[in-house]
Amino acid sequence: MGSLVRMENVTKLFPGVKALDDVSFDINSGEVHVLLGENGAGKSTLMKILSGVYRPTTGKIVIDGHDFSYLTPQDSYEQGISIIYQELSVINELSIMENLFVGKLPCKKLLGIDMVDFDFMRKRTREVLDRLGIKRDPSTPVEDLSISEKQQCEIAKALVSNSKVIIMDEPTTSLTIAETEHLFEIIRKLRSEGKGIVYISHKMEEIRQIGDRVTVLKDGKTVGTNNVENVTVDKLIKMMVGREIFGSYKNESGCDLKKEPVVFEVRNVTRKDKRVQNVSFQVHRGEVLGFSGLVGSGRSELMNAIFGSEPKISGKVFILGKEVKIRSPYDSIKHGLALVTENRRETGFMHNFSIKENISIVPFLKTSRAQGVVGLLDFAQEDTDAGLYKNELSIKCRDVNQNILQLSGGNQQKVILAKWLAAKSKVVIFDEPTKGIDVGSKSEFYVLMRKLADQGKGVVMISSEMTELLSVCDRICVFKEGRIMQEFSAAEATEEKILRVSTGE
């Protein structure tokens, strides 16, 4: 099992920040090398150097015995290196075949003129799809595919390019259990063919299932590299965060939370498209209410209807015992209802805004009139809030004027939460709040949720991670086909019981 790529003593400096400090990393033929680390540890920077996005300040990259001081994206492609980002780069408006050959269209001569060789493209696409077990016609528009199939198209694109090294960044974030297992089957097949896979994940349970070796980065430095079979999850977590992560974040007061005042109540909500039907629940002071269920069961659809971003035909919402009329997200903001959405990059923040501006946008809307058309910006309050929540939520940044896109995923999520806290929200709904963030940042979010519940705010959490729900929530509602099928207390809930209900077994 020979080395395909070696990165030796790589350092990367950004203005005021040392993102990587003398890091070495290698990828062997026929192995899955897992790369772990908290958000901001340097994983993405290291892989962007390998894929040609960044140039290292010092260090070298060795490929097939040739030394490179840096790679361009074209160099990386020619050396057989492909990267599949967490935010997939497929083009929905094109077919599968067209996506696989973007930027590298094969040509043939016809009457002395270069013409695109569609026959070759179709044949080659069919070969690769068959190899991956994708039962789709090459001409299928990508917009018609599921998230899992789009991801498989990204892998197919790497195979069309004859890549030797494939980097996968958080590949299972949006996948169901069955889709994840299918992805693992593909990865095992690629490994058996001699491909080198770099697998970046924050899901600790996946490491033993798919990994051969694991390297941990922390604060831009290499903590260590181990064979997966020789290291425990507890040891890996301690290497990543430098401390133990304790397992329970539930209410420890010992009181019966059901006897506490109701801070948030939903009665008989039905969506216009019937994807949610006649749903009711209550959240008591001091508790975190969890929602479990399979992907597509309607949990997010319920929260969007409550928040006013999707139409409902019936249902009432009560905050602190008072009925509130919510017809739009603007109404929710006015009444103190917050929604931390699942897809932070699309619906969580303003890409062209700084940290400070992102935090101030919801407080501005809350004090404005006419759907945000009439109102004044309070620049002094903007500075105060940004400084307060930067410290209170431990947002790692150069300063609050930094663009939010320059932050890690976990810190972006903290900014999103900060805008709702700055608006003095009374109820916070978290939809997959730790999706794509590291174990250390996850524990910070669990502590924050508990703190908000203890302060008397209504806290609701949707999560596809069973261990997360069992560690954080005081009650868990199991959702299936647009309805709450069963509710479990923290004492009653087990992974087996929840799965039985959610799958209808």
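A. Focus on the layout of surface pockets. Taken as a whole, the second largest pocket holds about 1400 Å³ of empty space. Along the walls of the second largest pocket sit 41 residues, with Gly40, Thr45, Gln406, Leu407 and Ser408 positioned nearest its centre. Elements with a contribution of two residues or more to the lining of the second largest pocket: strand S2 (17–28), helix H1 (43–50), helix H11 (344–347) and helix H14 (409–422). The element best represented in the lining of the second largest pocket is H1, accounting for five residues. Per-class residue counts for the lining of the second largest pocket are 13 nonpolar, 15 polar and 13 charged.

B. The arrangement of helix H15 (residues 439–454) in detail. Between its first and last C-alpha, H15 extends 23 Å over 16 residues, near the 22 Å set by a 1.5 Å rise per residue. Within H15, 12 of the 16 residues are buried, which leaves the element mostly enclosed by the surrounding structure. Residues of H15 that are buried include every one of Val439, Gly440, Ser441, Lys442, Ser443, Phe445, Tyr446, Leu448, Met449, Arg450, Leu452 and Ala453, and no others. Those residues of H15 hidden inside the fold are in contact with helix H8 (233–241), strand S15 (288–292), H14, strand S19 (427–431), strand S20 (458–462) and helix H16 (466–472). Two residues or fewer after H15 comes Gly456, characterised by a positive phi angle close to 95°.

C. Representation of the pattern of salt bridges. The final tally for this structure, using the stated rule, is 36 salt bridges. A salt bridge links Asp114 to Lys109; its shortest N-O distance comes to 3.2 Å. A relative accessible area of 59% means that Lys109 is categorised as exposed. Across the pair Arg450 and Asp474 runs a salt bridge, and its minimum N-O distance is 2.9 Å. Placement of Arg450 in helix H15 and of Asp474 in the loop between H16 and strand S21 (475–480) is noted, with a sequence separation of 24 residues between them.

D. Up close: the side chain of Arg475. On the secondary structure map, Arg475 appears in strand S21. A polar contact of 2.5 Å, which involves the side chain of Arg475, links it to the backbone oxygen of Gln282. Residues in contact with Arg475, not counting those within four places in the same chain, are Lys258, Gln282, Val283, His284, Glu287, Val288, Leu289, Gly290, Glu487, Phe488 and Ser489.

E. Structural view of the packing of helix H12 (residues 355–367) against helix H13 (residues 379–392). At their nearest, the axes of H12 and H13 sit 9 Å apart, and the two run at 110° to each other. Here H12 lies roughly perpendicular to H13, going by the angle between them. Here H12 contributes Lys356, Ile359 and Ser360 to the contact with H13, which in turn contributes Glu382, Asp383, Asp385 and Ala386. Classifying every residue of the contact of H12 with H13 by side-chain character gives two nonpolar, one polar and four charged.

F. Quick look at the sheet that holds strand S5 (residues 66–68). One open sheet holds the four strands; their spatial order is S2-S1-S4-S5, and the pairing between them is antiparallel. In the strand order of this sheet, the two ends are held by S2 and S5, each with one partner. Neighbouring strand axes in the sheet, compared pairwise and without regard to direction, differ in orientation by 15° on average. Examined bridge by bridge, strand S4 (residues 58–63) and S5 share three bridges and lie antiparallel to one another. Within the sheet, the bridge partner assigned to Ile61 lies in S5 and is Phe68.

G. How the structure looks around the environment of Gly409. Within the fold, Gly409 resides in helix H14. When the C-alpha positions of Gly409 and Leu217 are compared, they lie 16 Å apart, and in sequence the two are 192 residues distant.

H. Quick look at a nonpolar patch on the surface. Where nonpolar side chains cluster on the molecular surface, the patch consists of Leu110, Leu111, Ile113 and Met115 and spans about 440 Å² of accessible area. Positionally, Leu111 belongs in the loop between strand S7 (107–110) and strand S8 (113–116).

I. Region of the structure containing the sheet that holds strand S16 (residues 312–319). Within the open sheet, the four strands sit side by side as S14-S13-S16-S17. Their pairing is antiparallel. Here the strands that pair on one side only, and so sit at the sheet edges, are strand S14 (279–284) and strand S17 (322–324). Each adjacent strand pair in this sheet contributes to an overall mean axis angle of 15°, direction not counted. The pairing of S16 with S17 spans three bridges and is classified as antiparallel. Paired with Phe318 across the strands is Glu323, a residue of S17. On top of the sheet, helix H9 (residues 299–307) reaches strand S13 (262–271), S14 and S16; it is set at about 105° to S13, its chief contact.

J. View of H14. Along its 14 residues, H14 runs 20 Å from first to last C-alpha, staying within 8% of the 20 Å computed at 1.5 Å per residue. In terms of burial, H14 is largely enclosed, as 14 of its 14 residues are buried. Lys424 lies just past H14 and shows a positive phi near 60°.

K. Expanded view of the nonpolar core. Grouped together as the largest cluster of nonpolar side chains are 73 residues, with contacts concentrated most on Phe264, Phe281, Phe291, Leu302, Met303 and Ile306. Apart from the residues lying within four places of it in its own chain, the contact partners of Met303 are Phe281, Phe291, Leu339, Ile429, Val460 and Ile462.

L. Geometry of the environment of Leu71. Of note, Leu71 is situated in the loop between S5 and helix H2 (73–78). A relative accessible area of 1% places Leu71 in the buried class. A sequence separation of 20 residues divides Leu71 from Ser51, and the C-alpha atoms of the two residues are 7.2 Å apart. With residues near it in sequence (within four places) discarded, Leu71 still touches Ile49, Leu50, Gly52, Tyr54, Ile61, Ile63, Ser76 and Ile81.

M. Fine view of unusual backbone geometry. In this structure, Leu320 takes a positive phi of about 55° despite not being glycine. Of note in the backbone geometry, Ser394 takes a positive phi value of approximately 55° without being a glycine. Along the polypeptide, Ser394 turns up in the loop between H13 and H14. In this structure Ser394 comes out as partly exposed when scored by relative accessible area, which is 39%.

N. Representation of empty space enclosed by the protein. For the coordinates displayed, the defined rule picks out two cavities of 30 Å³ or more. Each pocket or cavity is described by its volume, and for the second largest cavity that value is around 30 Å³. Lining of the second largest cavity is provided by Met204, Ile207, Arg208, Val228, Val231, Thr232, Val233 and Leu236. Put simply, the parts of the chain that give the lining of the second largest cavity at least two residues each are helix H7 (204–210) and H8. Sorting elements by how many residues they give to the lining of the second largest cavity places H7 first, with three residues. Residues belonging to the lining of the second largest cavity are distributed by class as follows: six nonpolar, one polar and one charged.

Definitions and limits used
- Residues numbered from 1 in each chain as written.
- Predicted model: local features only at pLDDT ≥ 70, side-chain atom pairs only at ≥ 80, totals over all residues.
- Heavy atoms only, no water.
- 1 Å grid on protein atoms, 1.4 Å probe; cavity = no way out; pocket = protein on both sides within 12 Å on 5 of 7 lines; lining within 4 Å.
- Points joined across faces, edges and corners; volume = space filled by probe spheres on them.
- Helix = DSSP H or I, 4+ residues; strand = E, 2+ residues; numbered from the N terminus.
- Nonpolar A, V, L, I, M, F, W, Y, C, P; charged D, E, K, R; others polar.
- Expected span 1.5 Å × (residues − 1).
- Buried < 20%, exposed > 50% of the residue type's maximum accessible area, 1.4 Å probe, protein only.
- Contact = heavy atoms within 4.5 Å.
- Salt bridge = Lys/Arg side-chain N within 4 Å of Asp/Glu carboxyl O.
- Polar contact = N/O pair within 3.5 Å; in protein donor to acceptor, adjacent residues only side chain to side chain.
- Axes fitted to C-alpha atoms, helices over the stretch in contact; angles between N-to-C directions.
- Parallel < 35°, antiparallel > 145°, perpendicular 65-115°, else oblique.
- Pairing = 2+ DSSP bridges.
- Patch = residues over 30% accessible without salt bridge, like charges linked within 9 Å, V, L, I, M, F, W, Y side chains within 5 Å.
- Areas by Shrake-Rupley, 256 points an atom, 1.4 Å probe, with all protein chains shown as cover.
- Core = buried A, V, L, I, M, F, W, Y, C linked by side-chain atoms within 4.5 Å.

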